[in-house]
Each structure stands twice: as structure tokens, then as C-alpha cells.
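# Summary of structural features
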Amino acid sequence: MGERQSRIFEYFVVCGLGPELRSLDGAKGFQGTHAMYMPSVLDQFPSSKDSDCPPPPPQLSTCVMPAGVAFYSSGFSASDKSSHPHSYPIVLTEGDGTKIYVSCVAFRNPVSDDIAEAYRIPPNSFVDKCICLVSHSPTFRVLREAAEELFRLCFSPSGCSKPIWEIVMHLVLNVPLPSPGKNCILFSIENTLLSVEVPPKDGLPHADIPFHPLVQCLDVDNLIRLFTAVLLERRILLRANKYSLLTLVAEAICHLIYPFKWQHVYIPLLFFSGVDYIDAPTPYMMGLPSGVDTSDVTMDGVVVVDLDYNRITTSEDIPSIPDPELGHLRTELMHLLYPNLMDLDHMQTTAGGLFGDFHRRNNKSWGEQHDLELRMIFLKFFASILSGYRNFVENTAARVFNTQAFLKKRSRTTNQPPEPMVVQFLDSQGFFEFLERSHGSEESGHNLLDKLQDATARGQNPYSVLPDTTSELEITTIADPSGGTAVSGAPYYYDRFPANARSQDQEDKRKAILAAASAAFEHPNRHILSPRLDITGHNFARAGSLSPRERAAERERMVLDIKVKLQMQIAFDMLGTLDAPA
């Protein structure tokens, strides 16, 4: 199967307040500046029908603006940190498990003049707006750098050489996806040079994220506890104040369980109105900002990970990783995170005081090599705890694993009865999926776990299983056709992120929606029968019918509910039990 797309940037999308206002509680129209409103997709390039890439998911606007759209009496102010733009990544998951990576920059933008006039919104009002770059490639760094550069360029005091949407179009249409391990793509946004490359396929999976937020938020013991909960496919809820932290930690822990994959519901940044999904009985990994109230939600059995306070709470026991693997894992993590600390036992007893200060000081020197070492520590853990597992994979099409024989062999080695953590892990959906994917498939030749076990048996350096990355990459340069020179000779300045040019059909539909809204103010006692038009042109003229946003939201709820039920049934089938997970 070939690459899903040839471009690294598949779509540029702008989300915010659309022409058809609706508050988060479902009330239509303008409900005042203190209400929160449903976000909409305002602009998208290219349009889904003009692209060879899969269209962005319909719930994109809700996911990138999970709190909704708020009104403000002022825009950016250097003295008001809450008004500053903020950048964060999100990850969406399609029905087949494929991930969609989105880099967002959210900021305050003046209310569109036509919307303000139609809804009688107070003058000089501002609302939340968000620009997004969408890709199926997990190139978090370049997605973030490009989105932030487009934002800076739009509001630069020196202006930009071309209309901002021309710059967006060139970026999206002309920057190709690099060949893994072969070339590096260089491109520019005006005078800023950016680059992107993808590692070889036969190494660790591409993880273009920093791992230091994970180890900065959780101490060694809580990191191991979260890792264990993920392996045993518990219901996991991450909490943090920052959107970016939720996504980065969720992605990092998913990479640390390599060569296994998280098989269940995965929503690193849950939209605020979806808090009821925490009650789902099937395994999930979700992230929810700390400010969202969950007091009305049943949390029995949920592993709640508070990243702001290094705290994990759950009403159910999480079986501990057994020794000797636990001791080796903990020691290696301590050596990586605290290389200058010799007395590990003393560190453990005084973690409450010394840990935080030392960790923050040491974190300044964290880099890509530390990311690699962290990932290899966990891969070596799997090589140890699954030592000899290939001898118990029956050579059949179903790839049946003889769990009981493996556990007996391990008990003879450890002189201990089968450990609960190992028993539960071998019975997990992630372990079964790994066997199917890695043995007798096209991925079998890239299984680093098997390579590491073989290298260890031969006494070789564990890092010898990784591909050689010392060879120079071929440089591919994407030229800017204008060379950064203003076409008209004068720069372009913006006081807001502008709308892209609309077709006549789109403009007529927008005017129809706003005319109906305005008429409701002019004739407050008369029921206005106006056509219900969505931004794509569908006519919902039946009185009392759902609006496009209502229909889309209802579809999203149904799809997620169905996915939860299906995943739960799949889990039941594989586990051979009819008892719902607690």
C-alpha cells in the first residue's frame, strides 16, 4: 500500500464563529457576550472536492476549539496573558485507527462586520479564531513552525509580500512529503527557511515530538504506573491546564509502548461538551483540560492522571510490573533522568522535596538523544519481559500464542508464580494485534523487538538494531516563485486574519443566513420562515428541521457511540468474556 498523500500539508483550515450562531447549550442566535458558541469551519484550502487527500473530519472545528468560541471586549494586549495567541497540536483518529495530525494557532480576531451587523453584536467585539494545518504525517515540528509562521506573517508590522492566502496556497500545494531516510525538504515562508525529514522505516516509528513534557510532569514511579495502565488497556483520563501538554503526553506514552499499539478510543483533547464519554465502559485514552468539571461523571475504575500535579488516582488496583524487570526499568530511567545523582535510594525517600527542583534544572539539557534513549529503555524492557516469546507462537495462520506454556517457562526462570501484570498483558488486545501484525506479515522484517532480542543474545550493543543515520540526506529545495518580493511593489497588512475569496454561491448563502438573522431582530414577534442553508449549499427548508451543525453534531455523537460499542464488543470477543470492563 502506497503513501496516502504526496503532500505534507494536506489542508489549511480556519475555524471560528460562523454566520449561523448557536450557543453550546443549543440556543440559536446571539445569546450575549458571556455565552460560548459552537465553532464552525470558516475557510478551507483546498476544498475537499478539489483535493486528492481524504477530507478533514467533520468534527474538526469542535476538536480544535474544544471550549467553543468566546466573545471579548478587546483583542491582543501585551499586558494580558489570556489574550495572547497560543499554539497547540491535536490528534484525531479515523474509524480505521489512522491518525490525523493538526497544528493549531488560536487567537482573538475582530467579529466579522456582516455577522456583527446581522446579530446586533456590540461594536469592537472580538472572538476566538483558529488557523490549522492538517496532515496524515506525524511531523509535529514543521506543522507547528509553519502554522506559527503564517500567523506571524499575517500580523507582521512590516507586512507580507503577497496576500496571505496566496502564501497559504503555495505552501499547501508545493511542499512534498519526504521519502523516509532519503531526503530532506527545504522550503520557505517568505524569508523564513523551514525543513522537514522523515526517519527510515526500519527504525523506531516516526515520533516528531519532544518526550521531555512527559518526564517533566511525572516522576519515575508515576511514569511507570501510567505505562502499565496503558499496557493493560485501562480507561485513562489525562488532565492538564494546557491543551498542548495533553496531546504531547498522550502521543509520547503511545510511542513508549512500541512495538505495541493502543487499540482503543483515543482522544487526546476531548471537546468540553463530550465529558459524558468518560462514562464509556470500554478502554480509552482521553485528555481533558483541568478546568472542565467532572463532578457529575462516574469515575469508578478510571485512571486519572493529573499532569499539573504529578498525581495518579484510580479506584482499581494497577498490577505492578514484576521484578527483575521493574528494578531494571526504574534504574535505567533514574540514570537517564538524574545522571549526576548517585544515591538512588536517598532520592526515592526525599522525592517530595528534591525531585522537582532537580528535574527542572536537568530538563534544560534534554534533547533528541535523550528521547531516543528513553524509547530504547522501554524497548529493552519488552525484550526482557517477553524473552523467548517467539518459541510459543504457533506457526499457524491465526498466530496463536501458547500463553500457559510461556507463563510456566517464565515461572521456572523467576521462581515465582505467574505475575498478574504479565497475565493481563498477554491477554490484551494490543498483544494479540502485535502477533498478527508482526509475524507472517509485511512488517515482520521491521520488528525491532525480535532484532533486539537476537542482538542481546549475541552480546551486541542494543543500538546496533537501529538503522544507520550518519549518511547525508539528499536536499530537495522548494523555491518560492516570487522570491519573497511583493507582486504589487507594496506589502500587505492585516488587522485580522482575512477570509478567503468566496464563490458567488457561497456568498449568496452566507447573505441568506445573515438576512434571516437580521429579520428576526426587525420582527421579533413574527416567526420568520427562512431557508436553512449551510455553508456548503444544502437547503434545509422544512420548519423545525435540524440545522447542518445540529445534524453534523448528532452524526458525530452517533459515530462515536457506535465506535465505542463496536470496540467494546471486539474486546469482549477477543477476551472471551461477557463481563464489561469496570
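Residues numbered from 1 in each chain as written. Predicted model: local features only at pLDDT ≥ 70, side-chain atom pairs only at ≥ 80, totals over all residues. Heavy atoms only, no water.

### As for the overall build of the chain
How we decide: The way it works is that DSSP assigns letters per residue, a run of H or I at least four long becomes a helix, a run of E at least two long becomes a strand, and they are numbered from the N terminus. Partly exposed residues are those whose accessible area sits between 20% and 50% of the maximum for their type, while under 20% is buried and over 50% is exposed, using a 1.4 Å probe and protein chains only. Residue contacts are defined here by distance: any two heavy atoms, one from each residue, within 4.5 Å place the two residues in contact. A 1.4 Å probe and the Shrake-Rupley method give the accessible areas. Residues count as covered only by the protein chains that appear here.
The number of helices and strands found in the chain is 17 helices and 16 strands. Burial analysis of the chain (582 residues in total) assigns 51% to the buried set. Long-range contacts, defined here as pairs at least 24 residues apart, represent 71% of the contacts in the chain between residues at least 6 apart. With an accessible surface of roughly 27,400 Å², the chain has 52% of that area assigned to carbon and sulfur atoms.

### Things to note about the confidence of the model for the chain
What counts is decided by this rule: One number per residue, pLDDT, summarises how confident the predictor is, and it ranges from 0 to 100.
Scored by pLDDT, the chain comes out at a mean of 84, with 81% of its residues at no less than 70. Note that residues 1-5 has pLDDT below 50 and, in this model, eleven contacts with residues that lie over four places away or in other chains. This stretch, residues 342-363, has a pLDDT under 50; its non-local contacts, to residues over four places away or in other chains, come to 25 contacts.

### Quick look at the packing of aromatic side chains
Here a ring pair, both rings aromatic, is described through the centre-centre distance and the interplanar angle of the planes. Heads up, the condition is: Ring pairs shown here join Phe, Tyr and Trp side chains whose ring centres sit within 6.5 Å, with only the six-membered ring taken for Trp; geometry is labelled stacked below 30 degrees between planes, edge-to-face above 60, and tilted in between. By definition, being over a ring means that NZ of Lys or CZ of Arg is both within 6 Å of the ring centre and within 35 degrees of the ring normal.
For the coordinates displayed, the defined rule picks out 28 aromatic pairs. Site record: aromatic cluster; members linked through ring pairs are Phe 227, Phe 260, Phe 378, Phe 381, Phe 382, Tyr 389, Phe 392, Phe 401, Phe 406, Phe 425, Phe 431 and Phe 434. Lying over the aromatic face of Tyr 72, Arg 108 brings its terminal NZ or CZ to 3.7 Å of the ring centre.

### Overview of the sheet that holds strand β11 (residues 284-289)
To keep things clear, this is the line we draw: We call two strands paired when DSSP finds no fewer than two bridges between them. Convention adopted: a line fitted to C-alpha atoms gives each axis, helices being fitted over their contacting stretch, and angles between N-to-C directions are expressed from 0 to 180 degrees.
A sheet is described by the order of its strands in space; here five strands give the open sequence β10-β11-β9-β12-β13, paired in mixed fashion. On the outer flanks of this sheet lie β10 (265-267) and β13 (311-313), each paired with one strand and no other. Averaged over neighbouring strand pairs, the angle between their axes works out to 20° when direction is ignored. One ladder, built from three bridges, connects β10 with β11; its direction is parallel. Each residue of the ladder has a partner; that of Val 265, found in β11, is Tyr 284. Sheet strands in contact with helix α6 (residues 220-231) are β9 (235-240), β11, β12 (302-306) and β13, and its direction is about 40° off that of β13. Lying on the sheet, helix α7 (residues 243-256) is in contact with β9, β10 and β11; it crosses β11 at an angle near 160°.

### Considerations on the pattern of salt bridges
The following threshold applies: By definition here, a salt bridge exists when the distance from a side-chain nitrogen of Lys or Arg to a carboxyl oxygen of Asp or Glu is within 4 Å.
Per the stated rule, a full pass over the model turns up 20 salt bridges. When the shortest N-O distance is used, the salt bridge between Glu 325 and Arg 410 registers 2.9 Å. Placement of the pair is Glu 325 in helix α8 (residues 325-337) and Arg 410 in helix α12 (residues 403-414), with a sequence separation of 85 residues. Residues joined by salt bridges that share partners form a network here, namely Glu 325, Arg 410 and Glu 419.

### Some thoughts on the nonpolar core
Rules: Residues belong to a common nonpolar core when they are buried Ala, Val, Leu, Ile, Met, Phe, Trp, Tyr or Cys residues joined through side-chain atoms within 4.5 Å.
Formed by 150 residues in total, the largest nonpolar core has its most connected members in Phe 9, Phe 12, Val 64, Phe 187, Leu 307, Leu 386 and Phe 425. If one sorts the elements of this core by residue count, α7 sits on top with ten residues. Leave out the neighbours within four places in its chain, and Phe 9 touches Leu 133, Val 134, Val 142, Leu 143, Ala 146, Leu 171, Val 172, Val 175 and Phe 187. Membership of the second largest hydrophobic core comes to 16 residues, among which are Val 265, Leu 270, Ile 278 and Val 304.

### Regarding α8
Heads up, the rule is: Expected span of a helix, by definition, is 1.5 Å for each gap between consecutive residues, and there is one gap fewer than residues. By arc we mean the arc of the directions from the helix axis to the C-beta atoms, nothing more.
For α8, built from 13 residues, the straight-helix expectation of 18 Å at 1.5 Å per residue is met to within 8% by its first-to-last C-alpha distance of 18 Å. Taken residue by residue, α8 has Glu 325, Leu 329, Arg 330, Leu 333, Met 334, Leu 336 and Leu 337 as its buried positions. For α8, the buried positions fall inside an angular range of 160° around the axis, keeping them on one side.

### Let's talk about the pairing of strand β4 (residues 86-93)
Regular strands place side chains that alternate from one sheet face to the opposite one. Across eight bridges, β4 lies against strand β5 (residues 99-110) in antiparallel orientation. Its bridge partner lying in β5, Ile 90 is registered against Val 102. Linking two consecutive strands that pair antiparallel, namely β4 and β5, is a turn of five residues; a positive phi of about 95° is found at Gly 97 within it.

### Regarding the sheet that holds strand β7 (residues 183-189)
One open sheet accounts for three strands, arranged β8-β7-β14; its pairing is mixed. Strand pairing shows two members of the sheet lacking a second neighbour, β8 (192-197) and β14 (474-477), which therefore form its edges. Adjacent strand axes in the sheet meet at a mean angle of 25° when their direction is disregarded. Where β7 meets β8, six bridges bridge the pair, whose relative direction is antiparallel. Looking at the pairing, Cys 184 lines up with Glu 197 of β8.

### As for the environment of Ile 236
Tracing the chain through its elements places Ile 236 in strand β9. By relative accessible area, which is 0% here, Ile 236 ends up buried. Each C-alpha atom, one on Ile 236 and one on Gly 287, is 8.4 Å from the other, the two residues being 51 residues apart in sequence. Residues within four places of Ile 236 in sequence aside, it is in contact with Leu 226, Ala 229, Val 230, Tyr 284, Met 285, Met 286, Val 303 and Val 305.

### What about α6?
This is how it is decided: N or O atoms within 3.5 Å of each other form a polar contact, as long as, within protein, one can give a hydrogen and the other can take it, and as long as residues adjacent in sequence are counted only when both atoms are side-chain atoms.
Counted at 1.5 Å a residue, the expected span for α6 with its twelve residues is 16 Å, and the 16 Å between its end C-alpha atoms agrees. The buried count for α6 comes to ten of twelve residues, which makes it a mostly enclosed element. The set of residues buried in α6 consists of Val 220, Asn 222, Leu 223, Ile 224, Leu 226, Phe 227, Thr 228, Ala 229, Val 230 and Leu 231. The residue sitting at the N-terminus of α6 and contributing the capping side-chain oxygen is Asp 219; that oxygen lies 3.2 Å from the backbone nitrogen of Asp 221.

### Observations regarding the packing of α6 against α8
Angle between the axes and distance between the axes are the two parameters that describe a pair of packed helices. Operational definition: Under this scheme an angle from 65 to 115 degrees is roughly perpendicular, one under 35 degrees roughly parallel, and one over 145 degrees roughly antiparallel; angles in between are oblique. Put simply, a crossing is left-handed when the front helix is turned counterclockwise from the back one by less than a right angle, and right-handed when it is turned clockwise.
Two elements in contact, α6 and α8, have axes separated by 10 Å at closest approach and are oriented at 130°. As the angle between them shows, α6 and α8 are arranged oblique. When you trace α6 past α8, the crossing you get is right-handed. Residues Val 220, Asp 221, Leu 223 and Ile 224 of α6 touch α8, and the partners they reach there are Leu 326, Leu 329, Arg 330, Leu 333, Met 334 and Leu 337.

### Some words on a negative patch on the surface
Our working definition: Surface patches are drawn from residues lacking salt bridges whose relative accessible area is over 30%; two like charges belong together within 9 Å, two nonpolar side chains (Val, Leu, Ile, Met, Phe, Trp, Tyr) within 5 Å. None of His or the chain ends enter the tally, which takes Lys and Arg as positive and Asp and Glu as negative. Positions of charges follow a simple convention, taking NZ of Lys, CZ of Arg, CG of Asp or CD of Glu.
Together, Asp 276, Asp 279, Asp 293 and Asp 296 make up a region of like negative charge exposed at the surface. Along the chain, Asp 296 turns up in the loop between β11 and β12. Classification of Asp 296 as exposed rests on a relative accessible area of 74%.

### Some points on unusual backbone geometry
Residue Pro 46 is reached from Phe 45 by a cis peptide bond, and omega for that bond is -10°. By secondary structure assignment, the location of Pro 46 is in the loop between β2 (40-45) and α1 (60-64). You will see that Arg 120, though not glycine, has its phi angle at about 55°, which is positive. Looking at the secondary structure, you find Arg 120 in the loop between α2 (113-119) and β6 (126-135). The phi angle at Asn 415 is positive, at roughly 60°, despite the residue not being glycine. The residue Asn 415 is located in the loop between α12 and α13 (420-426) in this model. Note on Asn 415: relative accessible area 64%, which makes it exposed.

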